[in-house]
Each structure stands twice: as C-alpha cells, then as structure tokens.
Amino acid sequence: MNPLTTSRPRYVSFIPAAMVVVGAVLNVLSPRYYWGDYLLGAAVVMAGALFSLRHTLAVAAAIVLAQLVLLIKDGYFGHVIGTLSLISAVFTALVGLGVNRVVTSHSRRLEVVRSVAEAAQRAVLPAPPARIGPLAVAALYKTAQIEALIGGDAYAVQETPYGTRLLIADVRGKGLGAVGTVAVLLGAFREAADQAADLVPLAELMERALVKEAASREESIRMEGFVTAVLGEITPDADSVRLLNCGHPPPYLLDGDTVSSLDPGEPSLPLGMSGLGVPRAEPERWPFPAGSTLLLVTDGVTEARDRYGTFYDPLSRLTGRGSFRRPEEVVEALVRDVECWTGGPRDDDMAILAITRYAGGLR
C-alpha cells in the first residue's frame, strides 16, 4: 500500500474507476474513433501514481478488457486497426504499472529516511522528563513538511539545584546547519543549567557555546545566525517562575478559564548577537498557581496564518476553553486548534512545551 494514500479523502479512490466508465461510454458512442481512449489511459496512470499495486492492476485489467470487448463488438478484432488498438491499451496499462512501481519505491525510500530522521530527532531532541516533583511536563515537535522530522526548534527541561530550569528556542535557518546549532544549544543548556547561579549567566554560557560553534562557519552565515529563546526557572517550591525572554514569543499561563501572556517588560536580544554589546535584561518573576499550566511555543504557532493571512493568537483562542487537567491536554488542544486555523500545511515548524503544577502531588 502506498503510504501517501492514507491522507487522501476516500472519494479520490473512485476517480480512476469513474474515468474508466466514462471512457468506455465515450468509446461506445464513438465506435469509429474511440474518443474515450484518452480517459482510459489517464485512469491507469493516475491509479499507478496515487494508489496501490492491486488498485492499479484492477484499473489496468479493466481498460484492457473494455478495449477487447469494444473491438469484438465493433468488428475490429483480428484486424490491423483492432490489433494496434489492443496493443496500445496493453502498453498504456504497463505504463501505469511502471509508474506505480516507481512511486512505491520512492515511498519506501521516504519511509526509510523518515525512520532515520526520527531516530536523529530522539538523539538530538529527547523527550523531557514527564514528572519533576509537583510538575508534569508534555512536549511536542511538529515539522512543516512531512518529509522532515527535525529542524531548528528546540526545548528542554532539567531539574537543577536552583529549581526546574527550562528552555524553548528557535534557531534561525533550516536544514542540517540548524540541526547542528540545536545540538550545540541543547548541549550547552544541559551542562550550564546545573552550574549557572542565575538565568543571565546561563544565557551567557549558552551564548559563548553558540559563538564558538558559529566561528567555523562562513562569515555571511555567522553574521546572520541567531537563536530566539525563553529561559525559565521554576522555584523549588514551584510557587513562581522566573523568565528571561531573548527575542522569543512570550509564554502563556493557563489558569482555569483565564489565559495570560507573560510579556517581558524588557526583552533581551536573541542568543548569538553578543557582538552588538547590548547588556542582557534581568529575568522577571511570575506567580505559578497550583493547577495552572505554563505554555511555551515557537513562532510556528504564533505565526500560523488562516486563509485570510491572520496570525494565530493563542491568548484569544485558548481563553474560555475550560480548565486543562494535564499538560498533554493543553498540547493536544493547541495542535488541533492550529491545524483548524490554518486549514492546511504550515509554513514553519512548531515546538510546544507545557508544564502543569499540581497541588498535593501529581495526579
């Protein structure tokens, strides 16, 4: 079975059969010229490109059988014209089968590439711990293209002596270069999160790692490369969260039916832009009530557009949706709503990180 057919509406599978019927009817109505041959040929090629080998074989057999019956009915069978017409039908059927084999082979290679990419994603961007003390964590990464499973978005959650520290980031650029930067970024975060006494020193240590990594790149890439990020620190008693926003979309706090945007009073420059000499802003503290959820996203969410070009706004779209008991519920609801908003493929990858604080232990 061609794996690409699973996302198509069911009615599409009936189109080749309808084309065979219409083509056969046209041939019956025009016994001298067989105007329906074009539809018969298109039907088997379409089936070969879009559907399984069994489906293609059925359409191929149908057009050859229909052609044979018409030749016998119209008295062309056994004559040169009839023989050539039958050979043409058989050749067209073989072309459709050949197309099916090529597409199937490509689909299998794509599945292999996807499995390799999935393994690479788990290595570069492992799932964060599901539970840390009174905190429950859920995360999701979705690429814009089905062919790719990893890109330039990243997240991490780590328990440290200073509390639970977290990161969500978006690397400028795409491809293997962005994946390499993500690996450096996450490695620096995991190492520095246990060492840095505050979020600003943590950001500076990550900045140094990114600058060192960028030094080996071409100058044009080095000058334009940067990473937007939010660094967070949930206090050991989990009653508040400190956030350092480095040019990234603001996090959101979901508390019952209320959704608040945690906009920074003074955002810092993105990571990787230390050469500008601008001092980094201080982190800001926000209350983190029991039962609430901290939601962090990348611009794949906030810059998702509907058919009119309007950006998706988590603040207005999630307000009034009711209370979410688990962080997985928040992630699932957000993904469904973004997909409903765009009504089709997105232009950018999106990463989502949700952390729920439970009262009296985890549920």
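Note: the structure precedes this text.
Parameters and conventions
- Residues numbered from 1 in each chain as written.
- Predicted model: local features only at pLDDT ≥ 70, side-chain atom pairs only at ≥ 80, totals over all residues.
- Heavy atoms only, no water.
- Helix = DSSP H or I, 4+ residues; strand = E, 2+ residues; numbered from the N terminus.
- Expected span 1.5 Å × (residues − 1).
- Buried < 20%, exposed > 50% of the residue type's maximum accessible area, 1.4 Å probe, protein only.
- Contact = heavy atoms within 4.5 Å.
- Phe/Tyr/Trp six-rings, centres within 6.5 Å; stacked < 30°, edge-to-face > 60°.
- Axes fitted to C-alpha atoms, helices over the stretch in contact; angles between N-to-C directions.
- Parallel < 35°, antiparallel > 145°, perpendicular 65-115°, else oblique.
- Left-handed = near helix turned anticlockwise from the far one by under 90°.
- Nonpolar A, V, L, I, M, F, W, Y, C, P; charged D, E, K, R; others polar.
- Salt bridge = Lys/Arg side-chain N within 4 Å of Asp/Glu carboxyl O.
- Core = buried A, V, L, I, M, F, W, Y, C linked by side-chain atoms within 4.5 Å.

Peer 1: Got a minute to help me understand helix 10 (residues 327-342) in this structure?
Peer 2: Residues spaced three or four apart along an α-helix face the same direction, because each turn holds 3.6 residues. Helix length check: helix 10 (16 residues) gives 23 Å between terminal C-alpha atoms against 22 Å at 1.5 Å per residue, within 8%. Among all positions in helix 10, only P327, V330, V331, A333, L334, V335, D337, V338, W341 and T342 are buried. For helix 10, the secondary structure elements touched by its buried residues are strand 2 (135-142), strand 7 (252-255), strand 10 (293-297), helix 8 (299-302), helix 9 (314-318) and strand 11 (350-357). G343, located one to two residues past helix 10, shows a positive phi value of around 65°.

Peer 1: Can you walk me through the packing of aromatic side chains in this structure?
Peer 2: The description of an aromatic ring pair uses the distance of the two centres, along with the angle that the planes make with each other. As enumerated under the stated definition, the model contains one aromatic pair in all. With a centroid separation of 5.8 Å and 80° between ring planes, the pair formed by Y312 and W341 is classed as edge-to-face. Remark: W341 occurs in helix 10 and Y312 occurs in the loop between helix 8 and helix 9; sequence separation between them is 29 residues.

Peer 1: Can you walk me through the packing of helix 2 (residues 37-50) against helix 3 (residues 53-74) in this structure?
Peer 2: How two helices sit against one another is set out by the angle between their axes and by the gap between those axes. Two elements in contact, helix 2 and helix 3, have axes separated by 8 Å at closest approach and are oriented at 165°. It follows from the interaxial angle that helix 2 and helix 3 lie roughly antiparallel. Judged by the sense of rotation from one axis to the other, the crossing of helix 2 with helix 3 is left-handed. Counted together, D37, L40, A43, V44, A47 and G48 of helix 2 and T56, V59, A60, I63 and Q67 of helix 3 form the full contact between these two elements. In the contact of helix 2 with helix 3, the residues fall into seven nonpolar, three polar and one charged.

Peer 1: Teacher, can you tell me more about helix 1 (residues 15-29) here?
Peer 2: With 15 residues, helix 1 extends 21 Å between its outermost C-alpha atoms, agreeing within 8% with the 21 Å of an ideal straight helix rising 1.5 Å per residue. Buried residues along helix 1 sit against helix 2 and helix 3.

Peer 1: Could you clarify how one ought to interpret the pattern of salt bridges in this entry?
Peer 2: Side chains that differ in charge, positive against negative, can pair when their charged atoms come close. This model, assessed by the stated rule, comprises ten salt bridges. Between K142 and E339 there is a salt bridge whose closest N-O contact spans 2.8 Å. Taken together, the residues K142 in strand 2 and E339 in helix 10 connect sequence positions 197 residues apart. The class of K142 is partly exposed, set by a relative accessible area of 26%. In this structure, D337 engages R317 in a salt bridge whose closest nitrogen and oxygen atoms are separated by 2.7 Å. One end of the pair, D337, is in helix 10; the other, R317, is in helix 9, with 20 residues separating them in the sequence. Overall, the relative accessible area of 8% leaves D337 in the buried class. The network of salt bridges with shared partners includes R165, D198, E233 and R242.

Peer 1: Which parts of the structure should I look at to understand unusual backbone geometry?
Peer 2: Outside of glycine, negative phi angles account for most residues, and trans bonds account for most peptide bonds. A positive phi angle, close to 65°, is found at A238, a residue other than glycine. Inspection of the secondary structure assignment puts A238 in the loop between strand 5 (227-234) and strand 6 (240-246).

Peer 1: Could you clarify how one ought to interpret the nonpolar core in this entry?
Peer 2: Inside soluble globular proteins, nonpolar side chains tend to come together where they are buried. Ranked by size, the top nonpolar core spans 48 residues in total, and within it L167, M206, L231 and L271 carry the most contacts. Of all the elements, helix 5 (residues 175-192) adds the most residues to this core, at seven residues. In this structure, L271 is in contact with L185, A203, M206, E207, L210, F226, V227, A229, C246 and R280, ignoring residues within four places of it in sequence. Residues Y312, L318, V331 and M350 belong to the second largest nonpolar core, which totals 21 residues.

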